[in-house]
Structure formats: C-alpha cells, structure tokens
Amino acid sequence: MSHSSSKREMSARARWQAWLPKLVLAPSLALVLFFVYGFILWTSYISFSASDMLPNYTWVGTHQWSRLWGSWTWGIALHNIWVFSLLYIVSCTLLGLLLAILLDQRIRAEGLLRTIYLYPMALSFIVTGTAWQWFLNPGLGLEKTMHELGWTSFSFDWLINADMAIYTVVIAAVWQATGFVMAMFLAGLRGIDGEMIKAAQIDGAPVWKIYLRIIIPQLRPVFLSAVVVLAHLAIKSFDLIVAMTGGGPGNATTVPATFMYSYAFSRNEMGIAAASAVFMLAVIAALIVPYLYSELRGPRS
Amino acid sequence: MTESRLTNTLLTLLTYAVAIVMFFPILWMFLTAFKTEQTAFDIVPHFLFTPTLDSFKLALAQGNGYWHYAFNSALSAVASTLIGLVLAVPAAYAMAFFPSKRTDFTLVWMVSTKFIPAVGVLIPVFMVYKSLGLLDNIWGLTMLFTAMNLPLIVWMVYSYFKDIPKDIIEAADIDGAGTLQTMVKVVLPLALPGLASTGLLALILAWNESFWSLTMTDHKAATLAVFIASFKSAEGLFWAKMSAASVLTVTPIIILGWFAQRQMVRGLTFGAVK
C-alpha cells in the first residue's frame, strides 16, 4: 500500500521533473517567438495589404512590392547600403587584422590599448555619432580648426556634400567597429598552434611570409565570423545615419533602415515600408541562417 | 638584437598612435565639455585651456531635463536586465541540464533573433503599443529592451552553465538535493561571475539602445539617446553644454565597459570568440 503510493508519488515527481524544464523555458521562448517571428509574419502580411497611413488588411497582392521597386528613393537606399557595406566590411576586416597583428607583438600595456580600441563599440553610437557630426561639420570641427590655424585653403565638407556624405558615414562606422574586429582576430591569433610557426622560423622564413602562408590561412573561421557579424550590422545600421546625417543631404545617405522608418512614420506608406522591411529580413536570413546552423550545431554533431 | 628592439619600439609607438586616433573623437567631446561656450568657439582651438565645470552645471540645470532622461535610461536598463535574468536563468538551466532533442534547434532560433533588424517588427510593435497605450511608456520600453536582450542573455547564461562540470550536479543529486536546491545552492554560486558579466553586458546594451527609444517614446519615457539625438537640430549653439551632457551619458559606460569588454566580444559574436 505504502509502496504503491510512494511509487505513484515518484511517477508524479518524475512527470513534474519532465515538465518543469519545458515550463520554465516557455516564457522566454513565447516572448521571443511572439515578439519576433509572430511580428515578422504580421509585417509580411502588411506588405501585401493596402495599408497606408493606417493598417488596412485588404489584400492587394504584390502592389506594394512593385511600388517599392519603382521607388527612386529605394534605389538610392539600395545603392548606398551596397557601397556602405562593401567599404565597411573590407576596411574593418583589413584594419582589424592589421591592428590585431600589431598588438600581438608583445606590446607594452596591451590590455589598455585593447580596451581603448574596443571603446568605440561599447559607447552609444547616438553619442559618438553626434561627436563625429560636430567634428566633420565644416562650420564647427576639423575644417574650422584648420582655417584658424592658418591653412585657409583646407576644405573638408564631405558631411554636407551629397556625393561624399556616405563616405563620412563609412569613416565613422569603420572607426566604431574596427577595434571589435581586432579583438576577434587577436583571440584567433592567440589560439594558433605555435609549432608550425617555430618550424618556419627555424627554416629562416621571413616574418611576412609566415603571416601570409601560415597564420592568416588559419584565421579563416575568424574571417567568416567577422564578415557575417559586420554584414548584419551594416544592414541594420540606423542610429549611425540618424546621428550623423539623418539620411541627408537630400537622400544622399538614405539606407534601407532609414527608408523604412520614414515611409512608415512620415510618408504614411505603411505597405511600402513593410515590403522594404521584409526585403531586409530576407537578405539577413540568407546570410545568418546557414552561418548559425554551422556555428551552433556544427561542433556538437 | 638591437634591431629587433628598435622594431619593437617602433611598433609600440605605432599602436599608441592608433590608440590616440581611435580615442580622438571621444577625447574631443570630453575636452569641449570642460570649456565654456565662448572658448569652445575660440579662434585657434587650444588643447591647453583652463578646464571649467560651467558646461556641466548648465547641462545639469533644472529645465534641461537631463535628470529626467537619465532616470528613464537607468530605470529601463536596470529593470530590463533584471527581468531578463529572471526569465533567462531557468530557461538556460533547463536547456543546459535537461537537454531535449530540440534544445539545439530552440537555441538556434532564439539566437537568430539577435540578428534581426528592428525595422522588421517595427510596424506591428507600434500598432500593438498604440492600442495598448504603451507608447511613450517607460514599462513598454522596458519590455522591448527585455525582449531585445533576452536571447543574448539566455544564450550567454546557457554557455556559462555548460562550463560547469556535470559531476558536481550529479554529486548534489546523489546527496538528495532537489532540482531547485541544486540550482540555487550549487549551480548559481558557481555561475555567479558569468551571470554578473552577462547582466553587465545587457545593462550596457540597454543603456546604449536608440532605435526603440527614438521610435516608441516622445518625452515622458524618453531616454538619454532621445535627448542626445535632439541636439542635432540645435547644432552648434550650445556646443559645450551638449558635449557635457554627452560626456555624462557615456561616462557610466566607459567605466562599466572596462569590466565588460570580454563579454562584449563574446556576446556580439555568439561565442565565435571566447
């Protein structure tokens, strides 16, 4: 009698033990799935609806999508993000690698330097972007300083020059992320097996050759991570543009994120805004999903 | 030997030069903050000047609202971090110590949300918040920060739990400790440094957050990000004062960032770099 009741108790406990993990996981999972994937489906639906200033769920097929692709501003946004991403990813990766190699030479106060290189990434870009905006503003910062120091022909008006403004955004963005990429490469460099390097040194191989032939090829996984992280940061970039140029002058620095924001809130074109958001999501998904699968599942299976 | 020492000195100098260039925009902001409005605009901007706290006094003066925005930033950052940890610790515990066939899958999808651009969910969030009256509401904003940081917190706490040797858990189990007891008395104390640094990272990310603050708040629940972003429109007029407010905004992060640098790299690359 007592034996069977304790057995029943045990099975109740066992059932409880089996359910408990699922139960405690549920709130987080529900929150994330609802807020993110639920809302993405909703956004997708809106992109096929007649929504303008207010949501209107009349199905209009690909009407909003063809309006998006017909939009001159969207063309500019796509061109800008392409130029921006390319320059940003290439510059950050090369500079980050170079800095990591520099810092790997048993430099004094390496810890302090590493932290200083990382700070731009840790600080809010709304703040540092505003500082950059002051610094690059012809009336306030660099140009004014040079003029007052006597170099009156000095001119640096990229921030307000429609052809060049996007490059000022690139400069500030590269400044922000380079230290972070450096930290990734430095960790990679520290993980490299020293045996092969020693062997090459004994053979009398020059330093640059050791880097080019032995060390850099071994950093391939870091290159992959850096490019994926940088690419998604580039596509997401919003605060950077808001703080520095607000998308201007004119539409010169409009990118998909600021395009989406202005079509949703100031131009009352919710359908087009949703379509542009879905397009950005698709690009990021194509980039991220394969990477995450290999990164998080690979080592265990 | 001397040649390699010379190379080393040159390399050291180069790294220092790079550090100065990297830190220059921040330094520029700090220097401006310690000037008066007049000297900030002086002919020949000098690096040698008498520092003054005038601009800080002006920035902190009543009526500027600095304290209002700072309070909102602090409240939303601290609350979202605490709520995030409370939700994430049991979830991560379940995944780390009671893994099922779908744990990997769940984890991948959770982490994937960190990569999703906020614009992808902006319209629905805005509509839901509007109908619930959560626009310009500090708890509404806190909830968004929580949802934004939760995947990262879950993933980081999970990875710290994974580092704890299974033997310790089994030993506690044999000693007759229940799940809750094992978690509170054995696992959490061991994972405490990891939990603390995860919390620190979440705190920094929430404090720095600007997208949701700019889109979901107006004035009542606005954070420092909104305050600083509003400076652009008044550019140049109160340069020193704005720099002082910016300095006050980044100083907590400069201090916290010193302790959280490792977690930042680890968190932002999802463990690709430990």
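In this text the structure is predicted, and so the values were computed from the model without any measurement.

1. Regarding the overall build of chain B
Link 1 in the chain: The helix and strand tally for chain B stands at 12 helices and zero strands.
Link 2 in the chain: Along its sequence from the N terminus, chain B presents helices and strands in the succession α-α-α-α-α-α-α-α-α-α-α-α.
Link 3 in the chain: A globule of 274 residues ought to have a C-alpha radius of gyration of about 19 Å, yet chain B, at 23 Å, is considerably larger.
Link 4 in the chain: Along the first, second and third principal axes, the C-alpha set of chain B runs to 75 × 70 × 35 Å.
Link 5 in the chain: Out of the 274 residues belonging to chain B, those deemed buried represent 56%.
Link 6 in the chain: The average position of the 16 basic charges and that of the 14 acidic charges among the side chains of chain B differ by 3 Å.

2. As for the overall build of chain A
Link 1 in the chain: Counting its regular elements, chain A contains 13 helices and zero strands.
Link 2 in the chain: For chain A, the N- to C-terminal ordering of α and β elements is α-α-α-α-α-α-α-α-α-α-α-α-α.
Link 3 in the chain: Compactness check: chain A gives a C-alpha radius of gyration of 26 Å against a globular reference of 19 Å for 301 residues, more than 25% above the reference.
Link 4 in the chain: Taking the principal axes of its C-alpha atoms as reference, chain A extends roughly 100 × 70 × 30 Å.
Link 5 in the chain: Counting only residues that meet the buried cut, chain A has 50% of its 301 residues in that class.

3. A short note on the pattern of salt bridges
Link 1 in the chain: Applying the stated rule across the entire model yields four salt bridges over all chains.
Link 2 in the chain: Look at the salt bridges and you will find they share partners, linking D104, E110, R114 and R190 of chain A into a network.

4. Some words on the side chain of T115 of chain A
Link 1 in the chain: With respect to the element layout, T115 of chain A can be found in helix 4 (residues 110-122).
Link 2 in the chain: Judged by its relative accessible area of 1%, T115 of chain A falls in the buried class.

5. Remarks on the packing of helix 7 (residues 165-190) of chain A against helix 10 (residues 220-236) of chain A
For any two helices packed against each other, one specifies the crossing angle of their axes together with the interaxial distance.
Residues and elements named next belong to chain A.
Link 1 in the chain: Orientation of helix 7 relative to helix 10, taken along the N-to-C sense of each, is 160 degrees, at an axis distance of 10 Å. Classified by the angle between their axes, helix 7 and helix 10 sit roughly antiparallel to one another. Crossing of helix 7 over helix 10 shows right-handed handedness. When helix 7 is examined against helix 10, the residues A177, F180, V181, M184, F185 and G188 are found in contact with a partner set consisting of V222, F223, S225, A226, V229 and L230.
Link 2 in the chain: Here the residues of the contact of helix 7 with helix 10 sort into 10 nonpolar, two polar and no charged.

6. Some remarks on the side chain of S213 of chain B
Residue and element names in this part refer to chain B.
Link 1 in the chain: Along the chain, S213 turns up in helix 10 (residues 211-216).
Link 2 in the chain: According to the relative accessible area criterion, S213 is buried, its value standing at 1%.
Link 3 in the chain: In this view, S213 contacts L141, F145, T223 and V226; residues no more than four positions away in its chain are not counted.

7. A few points about helix 10 of chain A
An α-helical segment advances 3.6 residues per turn. Residues three or four places apart therefore align on the same side.
Link 1 in the chain: Taking 1.5 Å as the rise per residue, helix 10 of chain A with 17 residues should run 24 Å; its terminal C-alpha atoms sit 25 Å apart, in good agreement.
Link 2 in the chain: Regarding helix 10 of chain A, the residues found buried are V222, S225, A226, V228, V229, L230, A231, H232, A234 and I235 of chain A.

8. A word on the interface of chain A and chain B
Link 1 in the chain: Each partner contributes to the interface: chain A provides 93 residues, whereas chain B provides 93 residues.
Link 2 in the chain: Together chain A and chain B conceal approximately 8,500 Å² of surface at their shared face, both sides included; 78% is due to carbon and sulfur atoms.
Link 3 in the chain: Among the residues chain A hides against chain B, the three largest losses belong to F35, Y119 and W134 of chain A. Together they make up 8% of the total.
Link 4 in the chain: The interface formed by chain A and chain B includes zero salt bridges.

9. Brief notes about unusual backbone geometry
Link 1 in the chain: Residue N268 of chain A is not a glycine yet carries a positive backbone phi of 55 degrees.
Link 2 in the chain: The residue N268 of chain A is located in the loop between helix 12 (256-265) and helix 13 (270-297) in this model.
Link 3 in the chain: Even without glycine at this site, D136 of chain B takes up a positive phi of about 55 degrees.
Link 4 in the chain: As for its position among the elements, D136 of chain B is in the loop between helix 6 (119-132) and helix 7 (138-162).
Link 5 in the chain: Residue class for D136 of chain B comes out buried when judged on its relative accessible area of 14%.

10. Side note on a nonpolar patch on the surface
Link 1 in the chain: A cluster of nonpolar side chains, W82, L86, V90 and L94 of chain A, forms an exposed patch at the surface whose accessible area comes to about 440 Å².
Link 2 in the chain: Mapped onto the elements, L86 of chain A comes out in helix 3 (residues 72-103).

11. Thoughts on the packing of helix 3 of chain A against helix 12 of chain A
Residue and element names in this part refer to chain A.
Link 1 in the chain: At a minimum axis distance of 8 Å, the contact between helix 3 and helix 12 shows a crossing angle of 150 degrees. Judged on the interaxial angle alone, helix 12 and helix 3 are roughly antiparallel. The segment helix 3 lies against helix 12, with T73, W74, A77, L78 and I81 engaging P256, F259 and Y263.

12. Re the confidence of the model for chain B
Residue and element names in this part refer to chain B.
Link 1 in the chain: Here chain B averages 83 in pLDDT, while 90% of its residues score no lower than 70.
Link 2 in the chain: Within chain B, no element has a lower average pLDDT than helix 2 (residues 37-40), which sits at 68, and none a higher one than helix 4 (residues 66-97), at 93.
Link 3 in the chain: Both scores are available for the predicted complex, with the pTM at 0.87 and the ipTM at 0.84.

Conventions used here
Residues numbered from 1 in each chain as written. Chains lettered and ligands numbered in written order. Predicted model: local features only at pLDDT ≥ 70, side-chain atom pairs only at ≥ 80, totals over all residues. Heavy atoms only, no water. Helix = DSSP H or I, 4+ residues; strand = E, 2+ residues; numbered from the N terminus. Rg over C-alpha atoms; globule rule 2.2 N^0.38 Å. Buried < 20%, exposed > 50% of the residue type's maximum accessible area, 1.4 Å probe, protein only. Lys, Arg positive; Asp, Glu negative; His and termini not counted. Charge placed at Lys NZ, Arg CZ, Asp CG, Glu CD. Salt bridge = Lys/Arg side-chain N within 4 Å of Asp/Glu carboxyl O. Axes fitted to C-alpha atoms, helices over the stretch in contact; angles between N-to-C directions. Parallel < 35°, antiparallel > 145°, perpendicular 65-115°, else oblique. Left-handed = near helix turned anticlockwise from the far one by under 90°. Contact = heavy atoms within 4.5 Å. Nonpolar A, V, L, I, M, F, W, Y, C, P; charged D, E, K, R; others polar. Expected span 1.5 Å × (residues − 1). Buried area = accessible area lost by both parts, 1.4 Å probe. Patch = residues over 30% accessible without salt bridge, like charges linked within 9 Å, V, L, I, M, F, W, Y side chains within 5 Å. Areas by Shrake-Rupley, 256 points an atom, 1.4 Å probe, with all protein chains shown as cover. pLDDT = per-residue confidence, 0-100.

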